Amino acid sequence: MNKPLRNPEIVWRVENRRQTEVLKALETGEEIEDSGTVILLQSGMMHQLNLIGGLIWQQCDGQQSLTDIAGELAKEFTVEQSEVESDVAEFVADLTERGWLINE
Amino acid sequence: MSEVTEMFSAPLTFNWTLSYRCNFTCDHCYSRDEECPELAFDDLKRIVDVLVEQQVPFINFGGGEPLIRHDLYEIAEYASKAGLNVSMNTNGWLLDEAAAQRLKDVGFKSVGISIDSSDPALHDSFRNMPGSYERALRGLDALHKVGLKSTMSSVISRINYQAFRELLDLARDHGVGQVYLHNFKCSGRGFKNREDLDLTPEEWQAFYLEALAVKHQTDDLKISFDDPVIASLPEYQEKTMVKGSSCGKLSLHLRPNGDITPCGFIPVVVGNILNDDFETIWFDSPVLKAMRNKEATGKCSGCAAFDDCQGGCTARAFATTGDFNQPDPHCWK
Ligand code: SF4
């Protein structure tokens, strides 16, 4: 079973204020720049994940399968799980290729 | 909100001076004449708790000499167990193999040792401490032996700018993976000895051009600079997280009593981590805001490099003119 785990070499944090702002904007339908809500730091470089990517990242604890993660995401945005499954798989595959995620 | 606080809800690094006490009296030291009451261990723990709550990922102990405080190990362990990435800079005098092992055991991620010259006599006389060169190398070897990542820090000044390649070789010989070629800051004793130690702007330009060329040809060693004025050179291609000085943007400094300053070289207190609300300091401090939103002044106005360089090192401009916005005195334009 594919249970993605964050590479422990990467230091990261949720930018809480920013995440709250983006979630609020999403609710009110306001336009907001889709910039990072999670920052990743690796050998002096910073990368940012947007809201959806950041939410997926936070769940990559090596305990949850892709299906579990898609389920959580679907709940968060009240959509069908099937609608987000391929996005989750694609995102995880991309980050795995970069070495940011490890598949357990 | 400035661009910085829009992105970062807290700094990424706290440079933490636990004590200004030191067993050395180096010629370029910024803090030798500083005096400041130190906190008890429980207060240090409370500081770590604040840093954890604010999600600050890195702390770097400096000083003074961090190993002078015997509870350094305990506080580092407390911090690393709480998830912080802990590192420090030391002169290496007290760093034998047992100390290196202990640092590793309490969770240090890396330890930097200051070496100013590959000529033992020059290093010792600059540091006013006979035998300090040997001890610094012993420290690097001890770190290597116990498997703790080491870095080497060299403050570039008149005594070493023409011999920086030898410093890089020294690092290679002692298992160091990263060398910091620090810019000279003109604070404390560095300010008093400025005439003797600082380079002219033209010499700085020549030094950086040479050092960048070496960096581009080097792949077995990471060479890092922390001088924002370097961004005015087209040869500098690094993507940095913020433009200009990172102080007050990516990092803050803690004095031994918990006072926060933008960096160790800017003696302006913006609040106290134990007594004041951290978010108010981070988001609202007029000093931090001024540092994040510098205004091009003097020759910086109209300079094509201002977007990248932001007037260079704010600490140096402030130390020499009392104004954050003045051009960095090292600027060669
Ligand atoms: S004039 Fe000012 S902005 Fe231009 S390179 Fe010099 S310090 Fe930087």
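Scroll up to find the structure.
Keep in mind the model is a prediction, meaning the values are calculated, not measured. (Residues numbered from 1 in each chain as written. Chains lettered and ligands numbered in written order. Predicted model: local features only at pLDDT ≥ 70, side-chain atom pairs only at ≥ 80, totals over all residues. Heavy atoms only, no water.)

> Would you mind going over the side chain of D227 of chain B in detail, with residue names and values included?
Residues and elements named next belong to chain B. Among the secondary structure elements, D227 is positioned in the loop between β7 (222-225) and β8 (251-254). Within the structure, the side chain of D227 is placed 3.0 Å from the side chain of R316, a separation counted as a polar contact. Setting aside chain neighbours within four positions, we find D227 in contact with N183, Y208, C313, R316, D328 and H330. (Helix = DSSP H or I, 4+ residues; strand = E, 2+ residues; numbered from the N terminus. Polar contact = N/O pair within 3.5 Å; in protein donor to acceptor, adjacent residues only side chain to side chain. Contact = heavy atoms within 4.5 Å.)

> How would you sum up the pairing of β8 of chain B? Please name residues and give values.
On any regular strand, side chains alternate: one points to one face of the sheet, the next to the other face. All names here are of chain B. The alternating pattern of β8 places S251 and H253 on one face and L252 and L254 on the opposite face, and all of these are buried. One ladder, built from four bridges, connects strand β1 (residues 13-17) with β8; its direction is parallel. Bridge pairing in β8 links F14 to L252. Pairing geometry for β8 and strand β9 (residues 259-261), over two bridges, is antiparallel. Each bridged residue has a counterpart across the sheet, and for H253 the counterpart in β9 is T261. Connecting β8 to the next strand, β9, in antiparallel fashion are four residues, including G258 with a positive phi near 95°. (Buried < 20%, exposed > 50% of the residue type's maximum accessible area, 1.4 Å probe, protein only. Pairing = 2+ DSSP bridges.)

> Tell me about the pairing of strand β3 (residues 85-90) of chain B, and please be specific about residues and values.
Residue and element names in this part refer to chain B. Within β3, five of the six residues are buried, which leaves the element mostly enclosed by the surrounding structure. Across four bridges, the pairing between strand β2 (residues 58-62) and β3 is parallel. What sits directly across from F61, in β3, is M88. In this region the chain leaves β2, passes through helix α3 (residues 72-81) and returns to the parallel neighbour β3; the handedness of that crossover is right-handed. Two strands pair when backbone bridges link them, and β3 and strand β4 (residues 108-114) are joined in this way by five bridges, in the parallel orientation. Note that in β4 the partner of N89 across the bridge is G112. For the segment spanning β3, helix α4 (residues 97-105) and β4, crossover handedness is right-handed. (Right-handed = clockwise from strand over helix to strand, strands pointing away.)

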